[in-house]
Amino acid sequence: MLKGRNLISPNDFSLEELDSVLSLGEKIIQSPENYVDVCKGKLLSTLFYEPSTRTRFSFEAAMLRLGGSLVGFSEPGSSSVSKGESLADTIRTVGCYADIIAMRHPKEGSAHLASKYSNVPIINAGDGGHQHPTQTLTDLLTIKSLKKDLNNLTIGLCGDLKFGRTVHSLVKAMARYKNTKFIFISPSELKIPDYIKEEIQGNYYETSSLEEVIDKVDILYMTRVQKERFVSEEEYIRLKDSYILTKDKLKNAKEDMLVLHPLPRVNEISTEVDDDSRAVYFKQARYGMFVRMALIMKLLGVDLDA
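Residues numbered from 1 in each chain as written. Predicted model: local features only at pLDDT ≥ 70, side-chain atom pairs only at ≥ 80, totals over all residues. Heavy atoms only, no water.

Section: the nonpolar core
For step 1, the next point in the chain: Residues L140, L157, V171, M174 and I296 are the most contacted members of the largest nonpolar core, which totals 58 residues.
For step 2, the next point in the chain: The greatest single-element share of this core, amounting to eleven residues, is contributed by helix α11 (residues 281–300).
For step 3, the next point in the chain: Discounting residues that sit within four places of it in the chain, M174 has contacts with L140, L150, L153, I155, T180 and F182.
For step 4, the next point in the chain: I214, M257, L263 and A279 belong to the second largest nonpolar core, which has 20 residues in total. (Core = buried A, V, L, I, M, F, W, Y, C linked by side-chain atoms within 4.5 Å. Buried < 20%, exposed > 50% of the residue type's maximum accessible area, 1.4 Å probe, protein only. Helix = DSSP H or I, 4+ residues; strand = E, 2+ residues; numbered from the N terminus. Contact = heavy atoms within 4.5 Å.)

A look at the packing of aromatic side chains
For step 1, the next point in the chain: Within the structure shown, the criterion is met by four aromatic pairs.
For step 2, the next point in the chain: Relative to F184, the ring of F182 lies with its centre 5.9 Å away and its plane at 10°, an arrangement referred to as stacked. In this pair, the class of F182 matches that of F184, namely buried.
For step 3, the next point in the chain: In textbook terms, an aromatic cluster arises when at least three aromatic residues are bridged by ring pairs, as seen for F182, F184 and Y204. (Phe/Tyr/Trp six-rings, centres within 6.5 Å; stacked < 30°, edge-to-face > 60°.)

Some details on helix α6 (residues 165–174)
For step 1, the next point in the chain: The buried count for α6 comes to ten of ten residues, which makes it a mostly enclosed element.
For step 2, the next point in the chain: By the burial criterion, the buried members of α6 are R165, T166, V167, H168, S169, L170, V171, K172, A173 and M174.

Thoughts on the confidence of the model for the protein
For step 1, the next point in the chain: Per-residue confidence for the protein gives a mean pLDDT of 90; residues scoring 70 or more make up 90%.
For step 2, the next point in the chain: Mean pLDDT per element in the protein: helix α9 (residues 233–239) is the minimum at 59, and strand β9 (residues 258–260) is the maximum at 98. (pLDDT = per-residue confidence, 0-100.)

Things to note about the sheet that holds strand β3 (residues 100–105)
For step 1, the next point in the chain: With parallel pairing, four strands are arranged side by side in an open sheet as β2-β1-β3-β4. In this open sheet, the two edge strands, each paired with only one partner strand, are β2 (69–73) and β4 (122–127). On average, each strand axis in the sheet is inclined to that of its neighbour by 15°, with strand direction left out of account.
For step 2, the next point in the chain: Examined bridge by bridge, β3 and β4 share four bridges and lie parallel to one another. Along β4, the bridge assignment pairs I101 with I122.
For step 3, the next point in the chain: Across the sheet, helix α4 (residues 110–117) touches β3 and β4, and the angle it forms with β4 is around 160°. (Pairing = 2+ DSSP bridges. Axes fitted to C-alpha atoms, helices over the stretch in contact; angles between N-to-C directions.)

Describing the sheet that holds β9
For step 1, the next point in the chain: Taken together, five strands build an open sheet; the order of strands is β7-β6-β5-β8-β9 and the sheet is parallel. Both outer strands of the open sheet, β7 (204–207) and β9, are each paired with one neighbouring strand and no more. Between one strand axis and the next, the sheet turns by 20° as a mean value, whatever way the strands run.
For step 2, the next point in the chain: Pairing geometry for strand β5 (residues 154–158) and strand β6 (residues 181–185), over five bridges, is parallel. Within β6, the residue paired with C158 across the bridge is I185.
For step 3, the next point in the chain: Where α6 meets the sheet, its contacts fall on β5, β6 and β8 (219–222), and the angle it forms with β5 comes to roughly 165°.

A word on the packing of helix α5 (residues 133–147) against α6
Relative placement of two packed helices is described by the angle separating their axes and the distance separating the axes.
For step 1, the next point in the chain: The contact between α5 and α6 brings their axes to 9 Å, and the two run at 60°. Considering the angle they form, α5 stands oblique to α6. Classified by chirality, the crossing of α6 by α5 is right-handed. Each of P133, Q135, T136, D139 and L140 in α5 lies in contact with α6, whose residues at this interface are T166, S169, L170, A173 and M174.
For step 2, the next point in the chain: Across the contact of α5 with α6, the residue classes break down as five nonpolar, four polar and one charged. (Parallel < 35°, antiparallel > 145°, perpendicular 65-115°, else oblique. Left-handed = near helix turned anticlockwise from the far one by under 90°. Nonpolar A, V, L, I, M, F, W, Y, C, P; charged D, E, K, R; others polar.)

The structure is reproduced here in structure tokens:
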């Protein structure tokens, strides 16, 4: 169903296609030993024009755990990009060697551009402040596995909602499920863009107070204020500590609420929260590897159940 496709935005896949990836991810979580050689002889290229730990490592770990191999770079200065090679030519060249490409780039729209020149599937591993669809798959798998459903949930998103590509992707994806309500928690300078709000047709509430709404959410999605997205250092310093989740603030939250975070964390979640059973962000990071295993299998057409 998904063989040979690209993943640039979460909305590139229908709900049925998304659920097929998530279902395969859950099967891999339960029996990872069944998938150790399904990508033997296949090659993933990771092209990371921007720093990354979890996304790059989880892609590489996913391919290696499936029995495949890797080529790529984590610093564009070590490639012909430093000589002035265009993105189009890099993609055309890498497509001569690899079976699938995962790319992170600081410019919005770069993944879509790459897909126009690629003869192998392109996975958007983050393009500027635009989209981060595999983080969204990670979030969906975490919620589905721990909540057993993706419908009828109230999701609070807190922090940098203006530049946060993980937030933009998750809102677009979750808006497609039944009876999803959003609560956007941010300072006025970091409010979620109007075009995102227009797409979810008014099923949201905005506030600058986390304490006001923490008792109402089923999922609390914390984000860091991203220094790299600010032009002004002064504005970043003024806003970076807008929200810090502590054990004391969690006292009013639901017992079965989940705290998610795409990571890296700076100080927006106190380390004292890590021991709370509702804090699932490190489990979420592990699920990211499993869902990327499922996605790679689907796009390469090596799904055992297909």
